[in-house]
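# Coordinate inspection notes
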Amino acid sequence: MSTEERLLSGWGRTAATRARVRTPAGAADVAALLRHPGERGVLARGLGRSYGDAAQNAGGLVLDMTAMSRIKAIDRATPSVTAEAGVSLKDLANALLPFGLFLPVTPGTQHVTLGGAIAADVHGKNHHVDGSLCAHVTSLVLQSPAGERLTLDRATTPDEFFATAGGMGLTGIVLEATLTPIRIETAYIAEQVARAPDLDATMEGLASTDASHRYSVAWIDCLARGNRLGRSVLMQGDHAPVEMLSGPARAKPLELPQRLPLAAPPWLPSGLVRRETVAVFNEVYFRRAPVRAERLTPLDRFFYPLDSVAGWNRVYGRRGLVQYQLALPLGSEHAMREVLERLAASPAPATLAVLKRFGPQEGLLSFPLPGWTLAMDLPADAPQLSELLDGLDELTAEAGGRVYLAKDSRLRPELLEAMYPELPRWREVRARLDPAGAMRSDLARRLGLQK
Ligand SMILES: Cc1cc2nc3c(=O)[nH]c(=O)nc-3n(C[C@H](O)[C@H](O)[C@H](O)COP(=O)(O)OP(=O)(O)OC[C@H]3O[C@@H](n4cnc5c(N)ncnc54)[C@H](O)[C@@H]3O)c2cc1C
């Protein structure tokens, strides 16, 4: 195992820091590395798809988990899959597909590791029906920094399990996990697309179809104001049964059609994403969407539209991007309207904004709460960005909501406890698992997560 000094950043490419990176080949290497974490502590890193500083450990040790990527068992009958934590969700999904199985929950990119997805307890377009990923994890193996190899599950070790699910890598290193995939007949989603003219129609469109669609999301035009505030394109879907397919797709229902990968140019000028360009894009996107349509969409195009362009984050130029995601509880719909009003009035252009519904949630530090979530990208050098986002943080905390730690790069620490009421309990369990405080990250230091 070689040690490499590397500059690491999140997917937003802001605030890079230097760390010693080691790549363990197996559980024994992880245990050995945890024995000597050094003064600045240790942290696991997956594919670096958290946007902010969650997978960074300035001046410390970082374990690149991607070499531990074996899929150990797939049981079609149960169904169940066991894999090492460094496997990507892409490889896992590709291995499950021929068995007529699919991930129970998937985020908007498949270039994340299983360990990273557990640490952030990721949600997908189906949280209102299925909860987040860890709701489907039957057990996981954690290498604790105190030297124990623990098998955690919700029945026998609920404290440790729910502190690790969504615990941002700060309880130890996840070595492997077993989860329950879902059964599917085809590699296609029966998708329904519809335009919604304003926020009321968007929220009503999502809420009224909670029970009838497994997957549901609205692309929001965050620059639209007045009576068009919150206008959106609603995209809802369910796994397509074989009878819906025809031609070659019907003959091989569990095969994804091939598509050519694209790549963003290696260098683009900062400032390409401006309010004017985003406004034109949004107008075209909204008008090109059908007023109402039904279509069959391959799984990868439905779940991971951005993955077809490698390195798309470079479009935001050298300064990078900030991804901002907030959740607001049911009953605070007025606060969501206020958020959209502030976004529309701000000179900072919010791009790629999506609104979803969340259902009930477990996990002491997990992000979702029953209600609504809005996620958006913003260029890191946008005018008055800090003022805008600081204001949204306060609004969110006052409404009983929170921001997503896997995407955060700038939250003020004093708002953390209000946003995450289970934080004291999480700190207690974390301290039991890691009494010497060996697990560290830039995110944890910045927000005082560990105290
Ligand atoms: C385009 C895009 C779309 C996204 N869409 C969604 C979405 O829809 N829903 C959602 O919830 N998230 C979404 N995300 C965020 C992403 O799912 C999370 O940030 C996820 O944690 C990234 O996984 P990773 O393997 O890249 O982990 P990293 O970014 O490398 O690490 C993230 C955290 O996981 C910890 N970690 C990694 N491996 C381990 C391990 N083996 N043991 C313990 N801790 C570990 C790290 O310490 C760190 O705290 C999206 C990100 C992108 C770039």
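Since this is a predicted model, take the numbers as computed values, not measurements.

## Digging into the overall build of the protein chain
When you go through the protein chain residue by residue, the secondary structure sums to 14 helices and 21 strands. Over its C-alpha trace the protein chain gives a radius of gyration of 21 Å, about what one expects of a compact globule, namely 22 Å for 451 residues. Counting only C-alpha atoms and orienting by the principal axes, one finds that the protein chain spans roughly 60 × 55 × 45 Å. Among the 451 residues that make up the protein chain, the fraction classed as buried is 59%. By sequence separation, contacts in the protein chain at least 24 residues apart represent 74% of the contacts at least 6 residues apart. Total accessible area computed for the protein chain in this model is approximately 18200 Å², and 54% of it derives from carbon and sulfur atoms. Separation between the mean location of the 51 positive side-chain charges and that of the 49 negative ones in the protein chain comes to 5 Å.

## Remarks on the sheet that holds strand 2 (residues 17-22)
Overall, mixed pairing links the four strands, which are arranged 1-2-4-3 in an open sheet. Strands at the two margins of the open sheet, each flanked by one partner only, are strand 1 (3-8) and strand 3 (42-45). Put simply, the sheet's adjacent strands are angled 40 degrees from each other on average, direction ignored. Where strand 1 meets strand 2, six bridges bridge the pair, whose relative direction is antiparallel. Note on strand 2: the bridge partner recorded for Thr3 is Arg22.

## Brief notes about the pairing of strand 10 (residues 173-179)
Burial analysis of strand 10 places seven of its seven residues in the buried class, the great majority of the element. Note: strand 6 (residues 80-84) against strand 10, four bridges, orientation antiparallel. For Ala83, the partnering residue across the bridge sits in strand 10 and is Ala177. Pairing of strand 8 (residues 137-143) with strand 10 involves six bridges; the strand directions are antiparallel. Pairing of Leu142 across the sheet is with Val174, part of strand 10.

Parameters and conventions
Residues numbered from 1 in each chain as written. Predicted model: local features only at pLDDT ≥ 70, side-chain atom pairs only at ≥ 80, totals over all residues. Heavy atoms only, no water. Helix = DSSP H or I, 4+ residues; strand = E, 2+ residues; numbered from the N terminus. Rg over C-alpha atoms; globule rule 2.2 N^0.38 Å. Buried < 20%, exposed > 50% of the residue type's maximum accessible area, 1.4 Å probe, protein only. Contact = heavy atoms within 4.5 Å. Areas by Shrake-Rupley, 256 points an atom, 1.4 Å probe, with all protein chains shown as cover. Lys, Arg positive; Asp, Glu negative; His and termini not counted. Charge placed at Lys NZ, Arg CZ, Asp CG, Glu CD. Pairing = 2+ DSSP bridges. Axes fitted to C-alpha atoms, helices over the stretch in contact; angles between N-to-C directions.

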